[in-house]
Amino acid sequence: FQDQEDGVLASGKTVALLPKEVGVFPETDELIPQDKPVFQIALHRQVLKKLLSTLDMKGSPLRFSFYGTTSPVRIDVEDENVCALIMPMFVAWKD
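Now for a look at the structure at hand.

Quick notes on the rules
Each chain carries its own residue numbering, running from 1 in the direction its sequence is written. This being a predicted model, a pLDDT of at least 70 is required before a residue's local features are given, and a value of 80 or more before pairs of side-chain atoms are given or counted; all residues contribute to the totals for chains, interfaces and linings. Excluded from the side-chain calculations are hydrogens and water; all other atoms, namely the structure's heavy atoms, are used. Buried Ala, Val, Leu, Ile, Met, Phe, Trp, Tyr and Cys residues form a nonpolar core when they are joined through side-chain atoms within 4.5 Å. Residue exposure (1.4 Å probe, protein chains only): buried if accessible area is under 20% of the type maximum, exposed if over 50%, otherwise partly exposed. A helix here means a DSSP run of H or I that spans at least four residues, while a strand means a run of E at least two residues long, and both kinds are numbered starting from the N terminus. Contacts between residues were defined by any pair of non-hydrogen atoms, one from each residue, lying within 4.5 Å. Two strands form a pair only when DSSP identifies at least two bridges running between them. The axes are straight lines fitted to the C-alpha atoms, using for helices just the contacting stretch, and the angles between their N-to-C directions are given from 0 to 180°.

Right, let's talk about the nonpolar core for a bit. If you look at the biggest cluster of nonpolar residues, it comprises 7 residues: Leu51, Leu55, Val73, Ile75, Val77, Ala84 and Ile86. Listed by contribution, the elements that provide at least two residues to this core are α1 (45-55), β5 (73-77) and β6 (82-86). Looking at this core, the element that brings in the most residues is β5, giving 3 residues. Those residues in contact with Leu55 that sit more than four places away from it in its chain are Leu62, Ile75, Val77, Val82 and Ala84.

Here we take up the sheet that holds β6. Ordered by their spatial adjacency, 3 strands build an open sheet running β4-β5-β6, and the pairing between neighbours is antiparallel. The outermost strands of the open sheet, each flanked by one partner alone, are β4 (62-65) and β6. Going across the sheet, the axis of each strand differs from the next one's by a mean of 20 degrees, ignoring polarity. Examined bridge by bridge, β5 and β6 share 5 bridges and lie antiparallel to one another. Counted as the bridge partner of Asp76 is Cys83 from β6. Relative to the sheet, α1 contacts β4, β5 and β6, its axis offset from that of β6 by approximately 180 degrees.

Shown next, in the form of structure tokens:
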């Protein structure tokens, strides 16, 4: 893709000049919940990433089970007999 003054030049098997759209896309504001959450937890980003990469062998859905803000999160791999735990970490939220 190349940004042109009058559109976006998309090239692949064919080349096309697509007209520019006005606005903000995608429109996600109405999808983001505005209510107070039921509860919040913090998980270490790198530990979660490593854990998820070891569980996602076949692309099966993962089920996350939450038992409270100070209890481990259980992650089960659907259609497989695999389960993992990850502990939440304490964060002093600023809100």
